[in-house]
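Geometric and topological summary
Listed here are the chains, written in short residue letters.
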Amino acid sequence: MPLARLERFGLLILMAAFFLLPMLGRQIGMDLSVMHWVLGPPVDAVIDFIRILTGND
């Protein structure tokens, strides 16, 4: 299992994805923000649900 050997570096890989990818993206002019990809759709769904509940469609 080749990926099993990466387990000890998991936290480091996650930190790189959250901090280094956006910095690299700014340098090359692309949006590489992992937080936006991961949190964007669920947050939008919750906001839409709250809007429906409150009648602010």
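Our subject is the structure that appears above.
Let me sum up the structure you'll find in this document. (Residues numbered from 1 in each chain as written. Predicted model: local features only at pLDDT ≥ 70, side-chain atom pairs only at ≥ 80, totals over all residues. Heavy atoms only, no water.)

Next up on the list: the overall build of the protein chain. Within the protein chain, the secondary structure is distributed over 2 helices and 0 strands. Whereas a compact globule of 57 residues would reach a radius of gyration of roughly 10 Å, the protein chain reaches 17 Å, over 25% beyond that. Oriented by its inertia axes, the alpha-carbon framework of the protein chain measures out at about 50 × 30 × 15 Å. Burial analysis of the protein chain (57 residues in total) assigns 12% to the buried set. (Helix = DSSP H or I, 4+ residues; strand = E, 2+ residues; numbered from the N terminus. Rg over C-alpha atoms; globule rule 2.2 N^0.38 Å. Buried < 20%, exposed > 50% of the residue type's maximum accessible area, 1.4 Å probe, protein only.)

Glancing now at the environment of Asp57. Its location among the elements puts Asp57 in the segment after α2 (34–54). As for Asp57 and Gln27, which are separated by 30 residues in sequence, their C-alpha atoms are 39 Å apart. When neighbours within four sequence positions are excluded, Asp57 is seen to be in contact with Arg51 and Ile52. (Contact = heavy atoms within 4.5 Å.)

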